[in-house]
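Here is how the chains run, residue by residue.
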Amino acid sequence: MSPVRLHDTLTGETRPLEPLRDDGVRIYSCGPTVYGPAHIGNFRSFLFADLLVRHLRWRGQRVRWVMNITDIDDKIIRGAAAEGVGIGELAERYLERFLLDADALRMTRPDVLPRATEHIDEIVALIATLLERDHAYRTDDGSIFFRIASWPAYGRLARLDPEQLRVGERVEADEYAKDDVRDFALWKGPKPGEPSWSTAIGEGRPGWHIECSAMSMAHLGESFDIHTGGIDLIFPHHEDEIAQSEAATGQPFVQTWLHCAHLQSSGSKMAKSTGNIARPGELFEAGVSARALRYALLAVHYRASLSHSDESLAAAGAALARLDALVAALEAYREDRAADASLPEALAAAREAFGAALDDDLNISEALAALFDLVRDLNRRIEARRLSTEDAARALALLRDLDEVLGVLPAPVDDLDPAIQRLLDERTTARAARDWAASDRLRDELLARGISVEDTRDGQRWRRLVEVTHG
Ligand SMILES: [Zn+2]
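About the thresholds
- Every chain is numbered on its own, with residues counted from 1 as its sequence reads.
- Local features in this predicted model are restricted to residues whose pLDDT is 70 or higher, and side-chain atom pairs enter the listing and the counts only when it is 80 or higher, whereas totals over whole chains, interfaces and linings include all residues.
- Side-chain metrics in this entry use all non-hydrogen atoms of the structure; hydrogen atoms and water are not considered.
- For the purposes of this entry, the term helix denotes a DSSP run of H or I that reaches at least four residues, the term strand denotes a run of E that reaches at least two, and both are numbered from the N terminus.
- Throughout, exposure labels follow a simple rule: accessible area from a 1.4 Å probe, protein chains only, divided by the maximum for the residue type, with under 20% read as buried, over 50% as exposed, and the rest as partly exposed.
- Only the protein chains shown count as cover for residues, and the accessible areas themselves come from Shrake-Rupley with a 1.4 Å probe.
- Counted charges follow a simple rule, with Lys and Arg positive, Asp and Glu negative, and His plus the chain ends left uncounted.
- Charged side chains are reduced to one point each, which is NZ for Lys, CZ for Arg, CG for Asp and CD for Glu.
- Per-residue confidence from the predictor is reported as pLDDT, which spans 0 to 100.
- By definition, residues are in contact when any of their heavy atoms lie within 4.5 Å.
- Polar contacts, as used here, are pairs of N or O atoms within 3.5 Å; protein pairs need one atom able to donate a hydrogen and one able to accept it. Residues neighboring in sequence count only if both atoms are side-chain atoms.
- Counted as coordinating are nitrogen, oxygen and sulfur atoms within 2.8 Å of the metal, or 3.2 Å for Na, K and Ca, while water is not included, which may make sites look incomplete.
- Comment: axis = line fitted to C-alpha atoms, over the contacting stretch for helices; angle = value between 0 and 180 degrees taken between N-to-C directions.
- Should an angle fall under 35 degrees it is taken as roughly parallel, and over 145 as roughly antiparallel, whereas 65 to 115 is taken as roughly perpendicular and any remaining angle as oblique.
- All residues other than Ala, Val, Leu, Ile, Met, Phe, Trp, Tyr, Cys, Pro, Asp, Glu, Lys and Arg, Gly among them, are scored as polar; the first ten of these are nonpolar and the last four charged.
- Two strands are said to pair when DSSP picks up at least two bridges between them.

**Q** Please explain the overall build of the protein chain as it appears in this structure.
**A** Each helix and strand counted, the protein chain has 14 helices and 16 strands in total. Its C-alpha atoms give the protein chain principal-axis dimensions of about 85 × 50 × 40 Å. Expressed as a percentage of the 471 residues in the protein chain, the buried residues total 54%. Counting every atom, the protein chain has about 20,200 Å² of accessible surface; 49% of that belongs to carbon and sulfur. Charged side chains of the protein chain number 57 positive and 78 negative; the gap between the two group centres comes to 5 Å.

**Q** In this structure, what is going on with the confidence of the model for the protein chain? I would like to understand it.
**A** Close inspection of predicted coordinates is inappropriate for parts of the model with low pLDDT. Averaged over every residue, the pLDDT of the protein chain is 91; the share at 70 or more is 92%. In the model, residues 170-174 has pLDDT below 50 throughout and makes four contacts with residues more than four positions away in sequence or in other chains.

**Q** Honestly, the environment of glutamate 335 in this entry has me stumped. Any pointers?
**A** With respect to the element layout, glutamate 335 can be found in the loop between helix 9 (310-332) and helix 10 (343-359). For glutamate 335, a relative accessible area of 21% puts it in the partly exposed group. One polar contact links glutamate 335 to arginine 385, side chain to side chain, over a distance of 2.7 Å.

**Q** Would you take a moment to explain the coordination of the zinc ion for this structure?
**A** As a benchmark, a tetrahedral metal site with four donors has ideal angles of 109.5 degrees, while an octahedral site with six donors has ideal angles of 90 or 180 degrees. Note on the zinc ion: its protein donors are Cys30 (SG), Cys212 (SG) and His237 (NE2). The metal-donor distances range over 2.0 to 2.2 Å. Between consecutive donor residues of the zinc ion, the sequence gaps follow C-x181-C-x24-H. Of this pair, cysteine 30 sits in the loop between strand 3 (25-29) and helix 1 (40-58) while cysteine 212 sits in helix 5 (residues 208-220), and the two are 182 residues apart along the sequence. With respect to burial, cysteine 30 and cysteine 212 carry one shared label: buried.

**Q** Where do I start with the packing of helix 1 against helix 8 (residues 290-298) in this structure?
**A** When two helices pack together, their arrangement is given by the angle between the helix axes and the distance between those axes. Direction vectors running N to C along helix 1 and helix 8 enclose 80 degrees, while the axes themselves pass 9 Å from each other. Relative to helix 8, the element helix 1 lies roughly perpendicular. Every residue of helix 8 that contacts helix 1 at Ile40, Phe43, Arg44, Leu47, Phe48, Asp50, Leu51 and Arg54 is listed here: Leu293, Arg294, Leu297 and Leu298. Looking at the contact of helix 1 with helix 8 residue by residue, the classes come out as eight nonpolar, no polar and four charged.

**Q** How should I be thinking about the environment of glycine 450 in this particular structure?
**A** Looking at the secondary structure, you find glycine 450 in the loop between helix 14 (436-448) and strand 15 (451-456). On a C-alpha basis, the gap between glycine 450 and arginine 464 in space is 5.7 Å, while along the polypeptide they are 14 residues apart.

**Q** Is there a simple way to think about the sheet that holds strand 6 (residues 144-146) in this case?
**A** Across a sheet, paired strands are connected by hydrogen bonds in the backbone, their directions being either parallel or antiparallel. The sheet built from five strands is open, its strands ordered 5-6-7-9-8 with antiparallel pairing. If you trace the sheet from one side to the other, it starts and ends with strand 5 (136-138) and strand 8 (197-199), each paired once. When the angles between neighbouring strand axes are averaged without regard to direction, this sheet yields 40 degrees. Of the strand pairs in this sheet, strand 6 and strand 7 (residues 184-188) are connected by three bridges, and their pairing is antiparallel. In the sheet register, phenylalanine 145 faces strand 7, and the bridge partner there is alanine 185. In this fold helix 4 (residues 120-132) packs onto strand 5, strand 6, strand 7, strand 8 and strand 9 (202-206), with an angle of close to 125 degrees to the strand it touches most, strand 7.

**Q** Can you walk me through the pairing of strand 16 (residues 459-464) in this structure?
**A** When a strand is regular, its side chains alternate between the sheet's two faces. By the bridge criterion, six bridges tie strand 15 to strand 16 in an arrangement that is antiparallel. Across the sheet, the residue bridging to threonine 456 is glycine 459, located in strand 16.

**Q** Is there a simple way to explain the packing of helix 1 against helix 12 (residues 389-406) in this structure?
**A** It is at 7 Å that the axes of helix 1 and helix 12 come closest, and there the two elements cross at 140 degrees. By the angle class used here, helix 1 and helix 12 are oblique. Packed against helix 1, whose contacting residues are Leu51, Arg54, His55 and Trp58, the element helix 12 presents Asp401, Leu402, Asp403, Glu404, Val405 and Leu406 at the interface. The residue inventory of the contact of helix 1 with helix 12, partitioned by class, reads five nonpolar, one polar and four charged.

Here it is as structure tokens:
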């Protein structure tokens, strides 16, 4: 059994994760709608799923992670019309943008990134089953709705009284004649100027909710372990996913529901519909490093709301600077002496505390506290020159090991561009030859490539100035 415990939104309980199958943990995350660049509120939700996936893998579990790409919906149709391009072209452009931002933020690439438009057959089959079982009905315009009155468990996830549902949520109520205002569209009948597919259930296009049921079940099976998303998706999106999936299969859909709290900025919820937007690309252009943004988005527990501000980014930058300084010091450290006898125990205790914190519903604050206790301890040992050269390598290996989960440390020297490595080597040689002019020239050349060097008693230390900048 996994030592990991997670807080399930449906039951309100924090329970041990017990994978349903012995071939690994199956996770589905609601992904981006590719009609514009994702904002950092979206990325907070994606990066919390990334933290979960990394932690489970670090704990030795096999994980299969699926994140959908919504490439057909009202917003994409409107966006494409506004820009005068096809929906395929718009979706492609912003999918590429999403992947660039995700890579810059070091998000683990999901095992599958299924697209709605490539799963029309599965969507149609699922809706056909719901029609057969009388959980869905057609309207005159060719649309198909889920009949909420046929599903008494509706509202459990969001803890809503079914009778009170959807008051004020009359989206498109005038455009589609439904039996009950609470019912939601599974399939939207064709309209002039909108893309549509000719299928066994008629001409039209899928509603948004059904795609996640169809794609999660296509790639993970009818019942799977974990479903993640932002809390704004609990209702109606995830409530609808449960109803339509379980009504079709008769099986429990998801074992554990995880929801990430909002990102607040200037006191209001981050959403694309407000003018209050911060996108990763804009922050990178303003000089924020991708590592600092990743750290800032991860450093607060996923169920606590996070305030995004210049101060939170500055705090993330300061935390990274401390980590970078320690990594650089350990990389450069040379001391020919006996091993520090108390080091192995200190490293093991730090790893234990870090892992135990994340096992506890991804308690990142405690995990980071354990990490920075270790940073202080190692800095003291370096200062006192208590470590041997091998000890320093051992400590560095532990930091790299913990960073498998966090993904915030500078890349190991091995990952350096060979051209930069050559400049660093030349500079080391120049200094050994006391050729200060060459040393200074190489320092400037490295600086121009975003690498700052500093000379210490252990030799030359380098760090990256800005991780990733792209427009
Ligand atoms: Zn979804």
